[in-house]
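Here are the chains, one letter per residue:
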Amino acid sequence: MALSIPTTGLFPSMLLQMTGIGEESGSLDDMLGKAADHYKAAVDNALDSFSSLMEPLIMSILGVLIRRLMIAMYLPIFMLGSVF
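Each value, and the rule that gives it
The written sequence of each chain sets the order in which its residues are numbered from 1. Whole-chain, interface and lining totals are the exception, using all residues; otherwise, since this is a predicted model, local features are given only for residues with pLDDT of at least 70 and side-chain atom pairs are given and counted only at 80 or more. Each side-chain value is worked out from all heavy atoms of the structure, with water and hydrogens disregarded. A run of H or I in DSSP becomes a helix once it reaches four residues, and a run of E becomes a strand once it reaches two; helices and strands are each numbered from the N terminus. Relative accessibility decides the category of a residue: with a 1.4 Å probe and only protein chains considered, values under 20% of the type maximum give buried, values over 50% give exposed, and everything between is partly exposed. Charge assignment: positive for Lys and Arg, negative for Asp and Glu; neither His nor the chain ends contribute. By convention, the point assigned to a charge is CZ for Arg, NZ for Lys, CD for Glu and CG for Asp. The axes are straight lines fitted to the C-alpha atoms, using for helices just the contacting stretch, and the angles between their N-to-C directions are given from 0 to 180°. Just so you know how the angles are binned, under 35 degrees is roughly parallel, over 145 roughly antiparallel, 65 to 115 roughly perpendicular, and the rest oblique. With the far helix as reference, a near helix turned anticlockwise by less than a right angle produces a left-handed crossing, and one turned clockwise produces a right-handed crossing. Note on definitions: a residue-residue contact is assigned when non-hydrogen atoms from the two residues lie within 4.5 Å. Residues were grouped as follows: Ala, Val, Leu, Ile, Met, Phe, Trp, Tyr, Cys and Pro as nonpolar; Asp, Glu, Lys and Arg as charged; and all remaining residues, including Gly, as polar. One number per residue, pLDDT, summarises how confident the predictor is, and it ranges from 0 to 100.

**Let's talk about the overall build of the protein chain**
1) Next: Tallying secondary structure elements over the protein chain gives 3 helices and 0 strands in all.
2) Next: For the protein chain, the α and β elements follow one another from N to C terminus as α-α-α.
3) Next: By its C-alpha atoms, the protein chain is 90 × 25 × 15 Å across when sized along the principal axes.
4) Next: When the 84 residues of the protein chain are sorted by exposure, 10% land in the buried category.
5) Next: When the 4 basic and 8 acidic side-chain charges of the protein chain are each reduced to a single mean position, those positions are 22 Å apart.

**Some words on the environment of S13**
1) Next: The topology assignment puts S13 in helix 2 (residues 13-25).
2) Next: Judged by its relative accessible area of 52%, S13 is exposed.
3) Next: Considering only alpha carbons, one finds S13 and I71, 58 residues apart in sequence, at a separation of 57 Å.

**Brief notes about the packing of helix 2 against helix 3 (residues 28-83)**
1) Next: Direction vectors running N to C along helix 2 and helix 3 enclose 160 degrees, while the axes themselves pass 7 Å from each other. Between helix 2 and helix 3, the angle is such that the two are roughly antiparallel. Helix-helix and strand crossings are classified by hand; for helix 2 and helix 3 the assignment is right-handed. Contact with helix 2, carried on its side by M14, L15, M18, T19, I21, G22 and E23, involves L28, M31, L32, K34, A35, H38 and Y39 of helix 3 and no other residues of that element.
2) Next: The class makeup of the residues in the contact of helix 2 with helix 3 is 9 nonpolar, 3 polar and 2 charged.

**Some details on the confidence of the model for the protein chain**
Fine structural detail should not be taken from predicted coordinates in areas where pLDDT scores are low.
1) Next: Averaged over every residue, the pLDDT of the protein chain is 90; residues scoring 70 or more account for 96%.
2) Next: Looking over the protein chain, one finds the lowest element-wise mean pLDDT in helix 1 (residues 4-8), namely 81, and the highest in helix 3, namely 93.

**Quick look at the side chain of T19**
1) Next: On the secondary structure map, T19 appears in helix 2.
2) Next: When its relative accessible area of 13% is taken as the criterion, T19 is described as buried.
3) Next: Apart from residues lying up to four places away in sequence, T19 is in contact with L28 and L32.

Here it is in structure tokens:
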């Protein structure tokens, strides 16, 4: 493996090891495909966790917005009763 890739510090050690093994065995494309599948699954899991954490927050914000809209619509009607 080229020395420039590990010295950057941008790639995880597992990816560097998989790349090295793929180069030595002559199946670099298969090894990079396995690495891509692993990282894709990790990103999918992280996004699922994040979206499940964000759902209650979004529902709360929508509830507050709808409540304010309802008050803005019905408050003038209720105020008409106090004018006369």
